[in-house]
Amino acid sequence: MGSVVGGRRFMTEMLEFAAIHQIKPMIETMPISQINEAMDKVLANKARYRNCFNF
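These remarks concern the structure in this document. Keep in mind it's a predicted model, so treat the numbers as computed, not measured. (Residues numbered from 1 in each chain as written. Predicted model: local features only at pLDDT ≥ 70, side-chain atom pairs only at ≥ 80, totals over all residues. Heavy atoms only, no water.)

**Observations regarding the overall build of the chain**
The secondary structure content of the chain amounts to two helices and two strands. Along the chain, from the amino end to the carboxyl end, the secondary structure elements read α-β-α-β. Scaling as 2.2 N^0.38, a compact globule of 55 residues should have a C-alpha radius of gyration of about 10 Å, whereas the chain reaches 15 Å, well beyond that. When the backbone C-alpha atoms are referred to their principal axes, the chain occupies close to 40 × 25 × 20 Å. Per-residue burial for the chain yields a buried fraction of 9% across its 55 residues. The long-range share in the chain, meaning contacts at least 24 apart out of those at least 6 apart in sequence, stands at 16%. In the chain, which carries 7 positive and 5 negative side-chain charges, the distance between the mean positions of the two groups comes to 4 Å. (Helix = DSSP H or I, 4+ residues; strand = E, 2+ residues; numbered from the N terminus. Rg over C-alpha atoms; globule rule 2.2 N^0.38 Å. Buried < 20%, exposed > 50% of the residue type's maximum accessible area, 1.4 Å probe, protein only. Contact = heavy atoms within 4.5 Å. Lys, Arg positive; Asp, Glu negative; His and termini not counted. Charge placed at Lys NZ, Arg CZ, Asp CG, Glu CD.)

Here it is, written out as C-alpha cells:
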C-alpha cells in the first residue's frame, strides 16, 4: 500500500514523528445537520481546516 507522498515505510516514520512530537491535525467539527453549510464553505474556498462531522 502506498501514497502519493511516499510508501508504507515513509508513512510509518511520519506518523511516529507526529506521535513523538504531539503533532495533531487541525480540524473543524460540526454536527451532520450542518452539512450544507460546510459544503458552502468548501465551495466558497472558506474552509480553513479539515471538516469532520459528528453523527
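From this point on, the discussion continues.
**Observations regarding helix H1 (residues 8–20)**
In this model, H1 (13 residues) spans 18 Å end to end at C-alpha, consistent with the 18 Å of a helix rising 1.5 Å per residue. Positive backbone phi, at 55°, marks Gln22, one or two positions downstream of H1. (Expected span 1.5 Å × (residues − 1).)

**So, the pairing of strand E1 (residues 27–31)**
Examined bridge by bridge, E1 and strand E2 (residues 50–54) share five bridges and lie parallel to one another. When the sheet's bridge partners are listed, Thr29 is paired in E2 with Cys52. At this point the chain moves from E1, through helix H2 (residues 35–43), to the parallel E2, and the crossover so formed is right-handed. (Pairing = 2+ DSSP bridges. Right-handed = clockwise from strand over helix to strand, strands pointing away.)

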